Each structure stands twice: as structure tokens, then as C-alpha cells.
Amino acid sequence: MSIQSRHVIDDETRIGEARRQAVHLAQVHGLDAAAAGRVGIAATELATNLRRHGGGGELFVQPIAANGAHVIELIAVDRGRGMENVERCLVDGYSTGGTAGNGLGAVRRLAQEFDIYSIAGQGAVVMARIGGSVAARFGAISVPVAGEVECGDAWRLAIGENVSAALLADGLGHGGAAAEAARAATTAFGETPFELPRILMERLHRASQGTRGCAAACARIERGGATSYAGVGNIYSALVSTETSQGLVSHDGTLGVRATKMRQFEYRRGVGALLIMHSDGISARWDLAGRPGLLQRHPAIVAGVLYRDHARSRDDATVLVVD
């Protein structure tokens, strides 16, 4: 789980603000001067592209804990004209008035992990991670509703030797009280993340009592693909591949306030399938079949596209994608 900052790049002054915040996060989380410098350059290039070629957009910056160190992740999201030829746009010095590209080649060289997805006429999403590589392939975007500082949603991901576990929690309402409820659930999850989801959800229910309550869902994925899942409230989850999309079952209720008997369901995650979980700040009326090649991109790119195209403006919005 990470603290993610969101920068709306709608004028030139926002570029410098985004760069300073990105460098500050790199320094606070222990990256050396050289790595922090690379973060600053990448943030500047991505923000500049958003402003000058993407028609404005959003830059998300977050630290990710990886192997005892931290990585700084940058995700740039725009709804501009997109790119007809992505590889051509990654060539240094290439730029046109209608497509992004200036500086993207430099960002790719600076980053340990880099990916991009764009369709002409539909904008672009770019991801760069600097400071090291993250063993787990996942991506997340989590932002508060306009006017709030704290996000009432929260997520966590735990990676074991042969199993991984994911949690997404959505505190009722918005603001600090909603964030407190979501934190109670994520803290309890962090104590025993690999328990069976139905047992874990009972623990989360007890931990959330005394807060305003939250919706939440837990998934436990074994290396062979066996997936156990339990959910209460308005968390939407699915296993999605190029061939199929299978929704996972959650029940009505509110952890900490009112919850029915916790039921766990068993699924089989096919080869190449992604686990997608999101709060109701993301519309569930999405279909990735209309996005050719998207499921082969990095999960952070998938998260960025889902946020860009399906976030609702009236609620906190969180999407977590796990490969």
C-alpha cells in the first residue's frame, strides 16, 4: 500500500510542482541523489508531454516498497489525440503537433520499468518506475473525490513465496472518517494477509467496529491459479483474460456495522488472467475487449486506462490490477 499524489497538469506551472513533489518523495524514501535526479527528469518529461501534446492530463506519483527499498512510480494519463505509432514516438526528438513523443525515449532509458499504451484519438497512459524493479506485477490508482484531501478507499497487496493476497476497502462516505474505516481494515489485513478470505473478512469486520464501516473484498491467489475470494459491499472484482471475464461474488453488508455470514468462493485463474478490483468510484460498465492489446500491457497501464475511462467524479476512486 502506498501514498499516491495526483497532479492535474493544466498549465505550465504544474509541471514544476509535479517535479518537486516527485523528487521530494524520492528523497524521503531513500533513493540516492542520482536516482532522485532521474525521477525529476522523468516527471518533467511526462508532465510536459501531458501539457503540450496530451491536451493536459494527470500525473500520479507514488513510492512502492520493493525488496527492502523503494521505487518511485510515475503514471501519466491523458485523453488527447493519442499516438498512431508508439515506437516511432519513442525515438528521441520525434514530435508532431498532434501526438505525444518528445522526451518519452529519455523516460524509457531512465526507468527500470517502462510501458505505454495509446490508441489514436483516445489518449495515452505511460508508466515509469525508477529506483529498482518490483518483483510483483501490479498497478493501482487511488484518489479522493474532488474537495477531499484523504481518500476513503485503501488497498493492500501481500506477496508470499507461493501465494499472494489482495485487499480493497471503501470506507462509507468521504474524507477523514471514511479513510479511518478503510485503514482499520487494511491494518487488520496486514497482520495476517494469507488467511482464508472468509476468516480474514471476519477479522476485518471486528477491526472496523467503532468506525463508520466499509465495504471490502479479499482475494487469495495460489501459484497454481486457485483463487479464493470473499467480499462484502460494493467492491467489484473480476478475473479477466483475452478469452473470458468472470465476475467475483460479493454480498450485501458493511464491515464494522452490518455483515452477513462471510462466504468464500473458489475460482480458477487462467493463464494470463488479471485480477481487477475496484471501488464504486469506478463504473463497472467497462469491457476491455474494446482495447486491443491492453491486457498484454503492464497492470499499472491497465489500472490507468480503467481510471481514465471509467472514474466517476462524485466519489473516491480506486482500482487495483494484479497479474
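Everything below is about the structure printed above this text.
Bear in mind the structure is a predicted one, so any value in this text is a computation, not a measurement.

Caption draft 1: Up close: the overall build of the protein. For the protein, the helix and strand inventory stands at seven helices and 17 strands. At 19 Å, the protein has a C-alpha radius of gyration in line with the 20 Å of a compact globule built from 323 residues. With respect to the three principal axes, the spread of C-alpha positions in the protein is 60 × 40 × 40 Å. Within the protein, buried positions represent 57% of all 323 residues. Accessible surface computed for the protein: about 13500 Å², of which carbon and sulfur atoms make up 47%.

Caption draft 2: The arrangement of the sheet that holds strand 16 (residues 274-278) in detail. Spatially, 6-17-16-11-12 is the arrangement adopted by the five strands of the open sheet, whose pairing is antiparallel. At either margin of the open sheet sits one strand with a lone partner, and together these are strand 6 (138-143) and strand 12 (245-247). Strand-to-strand twist of the sheet, defined as the mean angle between neighbouring strand axes without regard to direction, takes the value 15°. Relative to strand 16, strand 11 (residues 236-240) runs antiparallel, the two being bridged by five bridges. Following the sheet pairing, tyrosine 236 is matched in strand 16 by histidine 278. The strands touched by helix 7 (residues 299-310) within the sheet are strand 6, strand 16 and strand 17 (317-322), with strand 6 carrying the most contacts at an inclination of about 30°.

Caption draft 3: Layout of helix 7. Taking 1.5 Å of rise per residue, 12 residues should cover 16 Å, and helix 7 covers 16 Å from first to last C-alpha, within 8% of that figure. Burial analysis of helix 7 places 10 of its 12 residues in the buried class, which makes it a mostly covered element. Residues of helix 7 that are buried include every one of Pro299, Ala300, Ile301, Val302, Ala303, Gly304, Val305, Leu306, Tyr307 and Arg308, and no others.

Caption draft 4: Molecular detail of the pairing of strand 4 (residues 113-118). For strand 4, the tally of buried residues reaches six of six residues, placing the bulk of the element in the interior. Residues Glu113, Asp115 and Tyr117 line one face of strand 4 and the alternating positions Phe114, Ile116 and Ser118 line the opposite face, and both faces are buried. Pairing between strand 4 and strand 5 (residues 124-130): six bridges, direction antiparallel. Note that in strand 5 the partner of tyrosine 117 across the bridge is valine 125. In this antiparallel pair of consecutive strands, strand 4 and strand 5, the connection spans five residues, and glycine 121 shows a positive phi of 85°.

Caption draft 5: View of the layout of surface pockets. If you add up the space inside the largest pocket, you get close to 740 Å³. Around the largest pocket, the lining comprises 31 residues; the ones closest to its centre are Ser142, Val143, Pro144, Glu150 and Cys151. Mapped onto the lining of the largest pocket, the elements with two or more residues apiece are strand 1 (5-9), strand 6, strand 7 (153-159), helix 5 (175-191) and helix 7. Residue classes in the lining of the largest pocket are distributed as 15 nonpolar, six polar and 10 charged.

Caption draft 6: Quick look at the packing of helix 5 against helix 6 (residues 197-208). Following both chains from N to C, one finds helix 5 and helix 6 inclined at 135°, their axes separated by 8 Å at the closest point. Judged by the inter-axis angle, helix 5 sits oblique to helix 6. Remark: the crossing between helix 5 and helix 6 carries right-handed chirality. On helix 6, the residues that touch Ala181, Ala184, Ala185, Ala188, Phe189 and Glu191 of helix 5 are Leu200, Arg203, Leu204, Ala207 and Ser208. Across the contact of helix 5 with helix 6, the residue classes break down as eight nonpolar, one polar and two charged.

Caption draft 7: Spotlight on the side chain of aspartate 78. Relative to the helices and strands, aspartate 78 resides in strand 3 (residues 69-78). Buried within the structure, aspartate 78 lacks any salt-bridge partner; its nearest side chain of opposite charge belongs to arginine 308, at an N-O separation of 5.5 Å. From its side chain, aspartate 78 meets the backbone nitrogen of glycine 80 in a polar contact 2.8 Å long.

Criteria and cut-off values
- Residues numbered from 1 in each chain as written.
- Predicted model: local features only at pLDDT ≥ 70, side-chain atom pairs only at ≥ 80, totals over all residues.
- Heavy atoms only, no water.
- Helix = DSSP H or I, 4+ residues; strand = E, 2+ residues; numbered from the N terminus.
- Rg over C-alpha atoms; globule rule 2.2 N^0.38 Å.
- Buried < 20%, exposed > 50% of the residue type's maximum accessible area, 1.4 Å probe, protein only.
- Areas by Shrake-Rupley, 256 points an atom, 1.4 Å probe, with all protein chains shown as cover.
- Pairing = 2+ DSSP bridges.
- Axes fitted to C-alpha atoms, helices over the stretch in contact; angles between N-to-C directions.
- Contact = heavy atoms within 4.5 Å.
- Expected span 1.5 Å × (residues − 1).
- 1 Å grid on protein atoms, 1.4 Å probe; cavity = no way out; pocket = protein on both sides within 12 Å on 5 of 7 lines; lining within 4 Å.
- Points joined across faces, edges and corners; volume = space filled by probe spheres on them.
- Nonpolar A, V, L, I, M, F, W, Y, C, P; charged D, E, K, R; others polar.
- Parallel < 35°, antiparallel > 145°, perpendicular 65-115°, else oblique.
- Left-handed = near helix turned anticlockwise from the far one by under 90°.
- Lys, Arg positive; Asp, Glu negative; His and termini not counted.
- Salt bridge = Lys/Arg side-chain N within 4 Å of Asp/Glu carboxyl O.
- Polar contact = N/O pair within 3.5 Å; in protein donor to acceptor, adjacent residues only side chain to side chain.

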